Amino acid sequence: MRTRLLSLLLLLGLATATHAQQTANKPERVKWFQDLGFGMFIHWNVDVSLGTVISHSLAGASDDYVNRYMKELPTFFNPKKFDPDEWATMARLAGMKYVVFTTKHHAGFCMFDTKTTTFNVMNTPFKRDVTKEIIDAFRKQGIAIGLYFSPEDFLFFHQNNIPLGRLQDKRQFPVNNPKLMEYDKAQIKELLTNYGKIDIMFFDGPGDGLREYAWSLQPELVITRDAMNTPEQNIPDKASPRPWEACYTMGTDWQYKPTNDPHKSGTEIINMLIEIRAKGGNFLLNVGPKPNGEIQIEQEALLREIALWNFANGESIYAVKPLPIIRDKDIWFTQSNDEKAIYAFITKKRDDEWKYGQRREFLFPMIEGTAATKVEVLGYGSELVEYVNNFDASIRSAPTPLGLAVSAVNGQRFYTNRTWPNAVVLKISNAKFKAAEEKKTSKSGIDGAQ
């Protein structure tokens, strides 16, 4: 009897340990996420046909607007040029290692096959599980899968006489609303059981009770927003404690905006990627597909410019960490995780700042070199400049009391006119990065010195 009792207690103990609630991302998965560095955000919702701000036009809208939104807009969703393989190929070419897709935005429209509501993509003329097709396409390209999910649901609010808005009424929080909690959990269960392993979850709203439920279904899941700092359209002034992720649009809006939408330049986006990685963050860059399913030409062009830069310089972006000094004027720094390489990003304020075939000298006071120090220009062999005979394109470097001195030629010819406005990256091996010494000064108190 005693033996049976002990066995029963042991089994109960094991069961309790097995079902201990997970309350945070696993550290090894956070490290994995940080090394990905660069991802594609995709905002696409039933209101894309109007070219309006995604979901938010419902906040404070009239009953007529809300009812027509819910009933009429699904009848227009029919993206005949939707090709997720093209999206995924473009993302991989641009160097994006993960994707985050809006499975359900605040409006409550589900871009996946759900049994919880008829307000979903299967009840449109398209009648296809968009989420499944996107997951399958990006998986084929080796890209980690992330799902955006809004705990706040304007359709649910409308059906339950709750004001349509965000974080303004306690009933809008699942933790305060058992019916909403049950509804959200049912949808999260579908997403985390019907589509295989999901790598990343982006809870855009109050996630208390939901993130723990998500981890119970997939413990390896990395939850970004709601479990880490994810600033929108903003980069912190200084390196922030890791992990963190900056979320940016290419233009002025998240979803497709057909009018009045000036886009950032490729150079601006590339420089943002450099700054975010130098500060230890991930960069989640958004695309907003058109109503017909195509990525608009302006955004495709930007992705291809990023792809070209990343093709030459990608190793400086992934599996890197911030250094004690992240910047010296217009030069940013990262370091490989194994500390074998330091990367110096030479950004340009003007297209002609470091011309093709031009030699420039640099002094890095914070880098301590040796006779074994090696410096390379990523993507360039430093052997010749096209069409120029007897030209010395070699890299010279030397340790000095003032820091590492480097002389290098820019020989990257990416455009026919030999003008490339984007950063050139120096890879520095067999060198140490030293933190700046803070020298304390004092001022004389003698009369006349004040």
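What you see is a predicted model; the values in this text were computed from it and never measured.

J.: Where do I start with the overall build of the protein chain in this structure?
T.: Broken down by element type, the protein chain carries 10 helices and 18 strands. Across its three principal directions, the C-alpha atoms of the protein chain cover 75 × 70 × 60 Å. A burial count over the protein chain gives 53% of its 450 residues as buried. Counted over contacts in the protein chain with a minimum sequence separation of 6, partners at least 24 positions apart contribute 70%. Accessible area for the protein chain stands at about 21,300 Å²; split by element, carbon and sulfur atoms hold 52% of it. Measuring between centres, the 55 positive side-chain charges of the protein chain sit 3 Å from its 53 negative side-chain charges.

J.: Would you mind going over the UniProt feature "domain: Glycoside hydrolase family 29 N-terminal" (unreviewed entry) in the protein chain with me for this structure?
T.: In the numbering used here, UniProt assigns the "domain: Glycoside hydrolase family 29 N-terminal" (unreviewed entry) feature to residues 22-315. For residues 22-315, the helix share is 34%, the strand share is 12%, and the end-to-end C-alpha distance is 34 Å.

J.: Looking at this structure, I do not really get the pairing of strand β10 (residues 331-336). What am I missing?
T.: If a strand is regular, its side chains alternate between the two faces of the sheet. With respect to burial, β10 is a largely interior element, six of its six residues being buried. The two faces of β10 match: Ile-331, Phe-333 and Gln-335 on one face and Trp-332, Thr-334 and Ser-336 on the other face are all buried. Sheet topology places strand β8 (residues 320-321) next to β10; two bridges connect them, and they run antiparallel. Bridge pairing in β10 links Val-320 to Ser-336. As defined by bridge partners, strand β9 (residues 327-328) adjoins β10 across two bridges and the pair is classed as antiparallel.

J.: Would you mind showing me how to read the sheet that holds strand β16 (residues 403-409) here?
T.: Two modes of strand pairing occur in sheets, parallel and antiparallel, and in both the strands are linked by backbone hydrogen bonds. Strand order in this open sheet of three strands is β12-β16-β15, and the pairing throughout is antiparallel. Edge positions in the sheet fall to β12 (359-364) and β15 (396-400), since each of these pairs with one other strand and no more. Strand-to-strand twist in this sheet, taken as the mean axis angle between neighbours without regard to direction, amounts to 15°. Bridging between β12 and β16 involves six bridges; their strand directions are antiparallel. Residue pairing across strands places Phe-362 opposite Val-406, the latter belonging to β16.

J.: Honestly, the packing of aromatic side chains in this entry has me stumped. Any pointers?
T.: One pair of aromatic rings is described through two measures. These are the centre distance and the angle between the planes. If you walk through the whole model with that rule in mind, you get 25 aromatic pairs. Taken together, a centroid distance of 5.6 Å and an interplanar angle of 20° make the contact between Tyr-148 and Phe-202 stacked. Of this pair, Tyr-148 sits in strand β3 (residues 144-149) while Phe-202 is found in strand β4 (residues 200-203), placing the two residues 54 residues apart along the sequence. Take Tyr-148: its relative accessible area is 0%, and that puts it in the buried class. Here Phe-202 falls in the buried class, since its relative accessible area comes to 1%. Judged by centre distance (5.1 Å) and plane angle (75°), the rings of Phe-414 and Trp-420 are edge-to-face. On the accessibility criterion, Phe-414 (25% relative accessible area) is partly exposed. Relative accessible area serves as the criterion here: at 4%, Trp-420 is assigned to the buried category. Through pairs of rings, three or more aromatic residues link up here, namely Trp-44, Phe-77, Phe-82, Trp-87 and Phe-126. When the ring centre of Tyr-318 is taken as reference, the NZ or CZ atom of Lys-97 above it lies at 4.6 Å.

The rules behind the values
Residues numbered from 1 in each chain as written. Predicted model: local features only at pLDDT ≥ 70, side-chain atom pairs only at ≥ 80, totals over all residues. Heavy atoms only, no water. Helix = DSSP H or I, 4+ residues; strand = E, 2+ residues; numbered from the N terminus. Buried < 20%, exposed > 50% of the residue type's maximum accessible area, 1.4 Å probe, protein only. Contact = heavy atoms within 4.5 Å. Areas by Shrake-Rupley, 256 points an atom, 1.4 Å probe, with all protein chains shown as cover. Lys, Arg positive; Asp, Glu negative; His and termini not counted. Charge placed at Lys NZ, Arg CZ, Asp CG, Glu CD. UniProt positions renumbered as here; feature names shortened; annotations may be inferred. Pairing = 2+ DSSP bridges. Axes fitted to C-alpha atoms, helices over the stretch in contact; angles between N-to-C directions. Phe/Tyr/Trp six-rings, centres within 6.5 Å; stacked < 30°, edge-to-face > 60°. Lys NZ or Arg CZ within 6 Å of the ring centre and 35° of its normal.

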